[in-house]
Amino acid sequence: MTATAPAAGATVRKSSPGAARGPRRRTGRLRRVGLPYLLLLPALLLELLVHLVPMVIGIVMSFKELTQFYIRDWSTAPWAGLDNYSVSVDFAAPVGQALLHSFLVTVAFTVLSVGLCWLIGTAAAVFMQDTFRGRGLLRALFLVPYALPVYAAVITWVFMFQHDNGLVNHVLHDQLGLTDKPSFWLIGDNGFVALLTVSVWKGWPFAFLIVMAGLQNIPRELYEAAALDGAGMVQQLRRITLPSLRPVNQVLVLVLFLWTFNDFNTPYVLFGKSAPEAADLISVHIYQASFVTWNFGAGSAMSVLLLLFLLVVTGVHLALTSHGRRTAQ
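Residues numbered from 1 in each chain as written. Predicted model: local features only at pLDDT ≥ 70, side-chain atom pairs only at ≥ 80, totals over all residues. Heavy atoms only, no water.

Turning to the overall build of the protein chain, a few remarks are in order. Check the secondary structure of the protein chain and you find 14 helices and zero strands. Residues counted as buried form 33% of the 329 residues belonging to the protein chain. In the protein chain, the share of contacts with a sequence separation of at least 24, taken over all contacts with a separation of at least 6, comes to 64%. (Helix = DSSP H or I, 4+ residues; strand = E, 2+ residues; numbered from the N terminus. Buried < 20%, exposed > 50% of the residue type's maximum accessible area, 1.4 Å probe, protein only. Contact = heavy atoms within 4.5 Å.)

The structure is reproduced here in structure tokens:
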């Protein structure tokens, strides 16, 4: 057998181990980078189906003259253009006046509810920082309203607000004698007070939980040094606690505002389909415009206007808070 020598000038190339490991390293790095996005893909698809697709459909419906005559096939409803929006914001007409009244009631209700929830939750969280017997049990009791299902909690208040045999009238009228006669809490102007009471009772434990978590990040040495300098409880609260909780409170107030302004379950379970005029929140008002009068086009337009308002409020809040952080730095 004869061995053939390589041709003159030919170069024999040998594959190095590093060249073989290069593509493997790139493939492994690509897998590590892409794996988190791959794991997030099911949640993103579910979010798309549950939230974004109905939102887009609602926006399209707001430009249609969609009534009960087209409910079987809403795509055949004629286009209305901006008529639904013009009717909704025409505050000289009955529809616009009713929507404006509902909006103002919702603003007043949201401001009072969020303010009271934050105040009670912060006071309870500050009180719970001191160690005493039964603190764990009291913390658990504070979280009961937040842990209860909404329907079970609100329907309990419905029975308590009954005119003849409700606990509220029994305590205020029969036991304490604060009222001349039993009050109707679920109709008339008292409906706003009843709705505000239930909302605050149900929402303040969330503020308590968030503020209590924020207080854990404040070093105890600050309070000890302030006490040595002669600062009292009020001064410590003003100079240490509240400034340290500013980032937490900024997020907390925004979340409470969005939840309260959009709250539908509480007024619907408390009053049913027809809330009293004093407690006519915009969420129930849009429901009545859509499912009671069967004008889904106008109801969708009102929902889009509500969405735009909340987006503006959120954007302004985020801009102000970010500007405040940059100024503080």
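It is worth spelling out the nonpolar core at this point. In globular proteins that are soluble, nonpolar side chains generally tend to be buried together. Judged by nonpolar contacts, the single largest core of 41 residues is most densely connected at F161, L195, F208, L256 and L270. Counting residues per element, the ones that place at least two in this core are helix 3 (94-127), helix 6 (150-160), helix 8 (190-215), helix 9 (220-228), helix 11 (246-261) and helix 12 (265-271). At 13 residues, helix 8 tops the list of elements feeding residues into this core. Those residues in contact with L256 that lie beyond four places of it in its chain are V114, C117, G203, F206 and A207. L99, A289, M302 and L306 belong to the second largest nonpolar core, which has nine residues in total. (Core = buried A, V, L, I, M, F, W, Y, C linked by side-chain atoms within 4.5 Å.)

Each aromatic ring pair is characterised by the separation of its centres together with the angle its planes make. Counted by the stated rule, this structure contains 20 aromatic pairs. Between the aromatic rings of F257 and F261, the centroid separation amounts to 5.5 Å while the plane-to-plane angle is 35°, which identifies the pairing as tilted. Taken together, the positions of F257 and F261, both in helix 11 and four residues apart, correspond to about one turn of that helix. Of the two residues, F257 and F261, both sit in the buried class. Members of the aromatic cluster, connected to one another through ring pairs, are F264, Y268, Y287, F291, W294 and F296. Above the plane of the ring of W79 lies K64, whose end atom (NZ or CZ) is 4.5 Å from the centre. (Phe/Tyr/Trp six-rings, centres within 6.5 Å; stacked < 30°, edge-to-face > 60°. Lys NZ or Arg CZ within 6 Å of the ring centre and 35° of its normal.)

In this approach a probe as big as a water molecule rolls over the atoms, and the regions it shows empty are the leftover space. Approximately 550 Å³ is the volume attributed to the largest pocket. Looking at the largest pocket, it is lined by 20 residues, and the ones nearest its centre are P54, M55, G58, S303 and V304. Mapped onto the lining of the largest pocket, the elements with two or more residues apiece are helix 1 (17-61), helix 13 (282-292) and helix 14 (296-328). Considering every element that reaches the lining of the largest pocket, the biggest residue donor is helix 14, with eight residues. Along the lines of polarity and charge, the residues of the lining of the largest pocket split into 13 nonpolar, seven polar and no charged. For the lining of the second largest pocket, the secondary-structure elements that each account for two or more residues are helix 3, helix 9 and helix 10 (233-244). Its residues placed into classes, the lining of the second largest pocket shows twelve nonpolar, four polar and two charged. (1 Å grid on protein atoms, 1.4 Å probe; cavity = no way out; pocket = protein on both sides within 12 Å on 5 of 7 lines; lining within 4 Å. Points joined across faces, edges and corners; volume = space filled by probe spheres on them. Nonpolar A, V, L, I, M, F, W, Y, C, P; charged D, E, K, R; others polar.)

For the protein chain, the average pLDDT comes to 85, and 88% of its residues sit at 70 or higher. Within the protein chain, the lowest mean pLDDT, 76, falls on helix 1, and the highest, 94, falls on helix 3. Note on residues 8-12: pLDDT is under 50 here. Beyond four places in sequence and across chains, it has zero contacts. (pLDDT = per-residue confidence, 0-100.)

The next point concerns the environment of V95. By secondary structure assignment, the location of V95 is in helix 3. Considered as a pair, V95 and A289 are 194 residues apart in the sequence and their alpha carbons are 9.4 Å apart. Not counting chain neighbours up to four residues away, the residues in contact with V95 comprise V87 and M302.

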